Amino acid sequence: MQLEISTELAELRAALRRFTSERLEPIALEIDRTGAVPDGTIELLRDQGYLGMRLPEEFGGGGCDLPTYCLTLEEFSRSHRVFTLILDGSSGLNPIAIARFGSDEQKRKYVAGLANGSLTAAFALTEPEAGSDSQAIRTRAERTPGGWLINGRKHYISGAHVADVILVMAVTDPVKRARGGISSFLVDRGTPGFTVTRVETTIGSDAIKIAELTFENCFVPDSAVLGEVGKGFAIAMESLVSGRLGVACSCLGAADRLIEMSARHANERKTFGQPLADRQAIQWMLADSATELAMARAFTYETLRRVQAGEETGSATSMCKLYCTEMVGRVADRAVQIHGGMGLVRSYPVERFYRDVRHYRVGEGSSEMHRMLIAREVLR
Ligand SMILES: Cc1cc2nc3c(=O)[nH]c(=O)nc-3n(C[C@H](O)[C@H](O)[C@H](O)COP(=O)(O)OP(=O)(O)OC[C@H]3O[C@@H](n4cnc5c(N)ncnc54)[C@H](O)[C@@H]3O)c2cc1C
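Residues numbered from 1 in each chain as written. Predicted model: local features only at pLDDT ≥ 70, side-chain atom pairs only at ≥ 80, totals over all residues. Heavy atoms only, no water.

1. Considerations on the nonpolar core
And then number 1: Counting 52 residues, the largest nonpolar core has Phe-76 and Leu-258 as its most contacted members.
And then number 2: Listed by contribution, the elements that provide at least two residues to this core are helix H1 (7-34), helix H2 (41-47), helix H3 (66-77), helix H4 (81-91), helix H8 (240-268), helix H9 (280-308), helix H10 (316-339) and helix H11 (349-356).
And then number 3: Looking at this core element by element, the count peaks at 11 residues for H8.
And then number 4: Residue-level mapping places this core at the junction of two domains, with at least three residues from each of domain 1 (7-92) and domain 3 (239-379). (Core = buried A, V, L, I, M, F, W, Y, C linked by side-chain atoms within 4.5 Å. Buried < 20%, exposed > 50% of the residue type's maximum accessible area, 1.4 Å probe, protein only. Helix = DSSP H or I, 4+ residues; strand = E, 2+ residues; numbered from the N terminus. Domains from an automatic or database assignment.)

And the structure:
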């Protein structure tokens, strides 16, 4: 049984599934082999209309709605997490924030380029002393004639080592802080005083890197402020709803693929003269994974429908993010167990999925932060 968001999107899923298995899957294998995204990948996604698909058409985007975008993330994530990050780079927080809050000049300078993949952006909020407690950031931006001087350090910033522009959150009023004292600045690569001081790979694919950024008396003009001074935190929080649902749908896609691979392996692999699929121990793992995926999908699709209809959803998006990210962790663990040694060997995708999905419980608000938000609503 395949749950669908809507009948129209069922047709889109079929097209996406074909594109992903025929065109993206060979690229995914290449990414795993080399640890880099091969040339031509961005162009392929652009030519097929996937880059910037959620941005308004006036900026060269596809103008699609959130459910369509999330379904695309779900299907891409069946192949490789890297494709979902490329999609997010051209339709996620950074381009959406600039399209929504940017000045005409900022929109002209960045949005079309981000939408078509010729520019990349990074979002720099996290600091060594401020992760979950993001309001505690210490990076300061102080007024100077004609602009601002930024000083501070950001770390774990996705893709910042190659980004053309960084959306930097900095304190502009230490008394007000998150209540009107944090602003966002668009800092171009190469701006004097801004350096990438460290690049790291993580538990997932080597193609995904995070960077530490240092700002030392980095001057940016007034025109680099995104939106109003003091509204930076609000801009960051605006994107949370769609970000959580995007992550939830990426987990649905990864879980779906892991179950598919596990079922195939269970049917093909014989031990003690019989297929693994005949063993109740294996069947129960598959049954648990399939049940958890179906439940996660039903609630996530329902929440997507409600968000799209403009309904108040309370902590439902946190529940989707929390449940789906934890669900895919359990599904990946069972998939490794069903595959035995093959589940731990680099040349098979299960091992990579197992590592890649671990990111989801930390990024975009950790499980603990989402439990905190849900509990707050329960206790109110
Ligand atoms: C691969 C990757 C990509 C990232 N990309 C970006 C990016 O592009 N931009 C960006 O700004 N940041 C990014 N981050 C940072 C990410 O958002 C933070 O790592 C995350 O918010 C957690 O912060 P922390 O690492 O400082 O952990 P901490 O805040 O130190 O938390 C450590 C652990 O304690 C838990 N915890 C913290 N406080 C509490 C509490 N009060 N009660 C219970 N448990 C608690 C947390 O949930 C976590 O499990 C990225 C991180 C990674 C690993």
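2. A word on helix H6 (residues 104-116)
And then number 1: An ideal rise of 1.5 Å per residue puts 18 Å on 13 residues; H6 measures up with 18 Å between its terminal C-alpha atoms.
And then number 2: In H6, a bend of some 30° at Tyr-110 exceeds every other bend along the element.
And then number 3: Taken together, the buried positions of H6 are Gln-106, Lys-107, Tyr-110, Val-111, Gly-113, Leu-114 and Ala-115.
And then number 4: As for H6, its buried residues are in contact with H4, helix H5 (93-101), strand S1 (121-124), strand S4 (165-171), strand S5 (182-188) and strand S8 (225-226).
And then number 5: Residue Gly-117 follows H6 closely and has a positive phi angle near 85°. (Expected span 1.5 Å × (residues − 1). Bend = angle between axes of the 7 residues up to and from the residue. Contact = heavy atoms within 4.5 Å.)

3. So, the site of the ligand
And then number 1: Neighbouring the ligand are 16 residues; Phe-123, Thr-126, Ser-132, Ser-366 and Glu-368 lie closest to it.
And then number 2: Separating an oxygen atom of the ligand from a side-chain N or O atom of Ser-132 is a distance of 2.7 Å.
And then number 3: Here Tyr-156 contributes a backbone N or O atom positioned 2.9 Å from a nitrogen atom of the ligand.
And then number 4: Protein contacts shield 59% of the accessible area of the ligand, which totals 960 Å² for the unbound molecule.
And then number 5: At the level of elements, strand S3 (147-158) and helix H12 (367-379) are the ones that each hand at least two residues to the shell around the ligand. (Near = heavy atom within 4 Å. Polar contact = N/O pair within 3.5 Å; in protein donor to acceptor, adjacent residues only side chain to side chain. Areas by Shrake-Rupley, 256 points an atom, 1.4 Å probe, with all protein chains shown as cover.)

In short, shape yes, function no, at least from these values alone.
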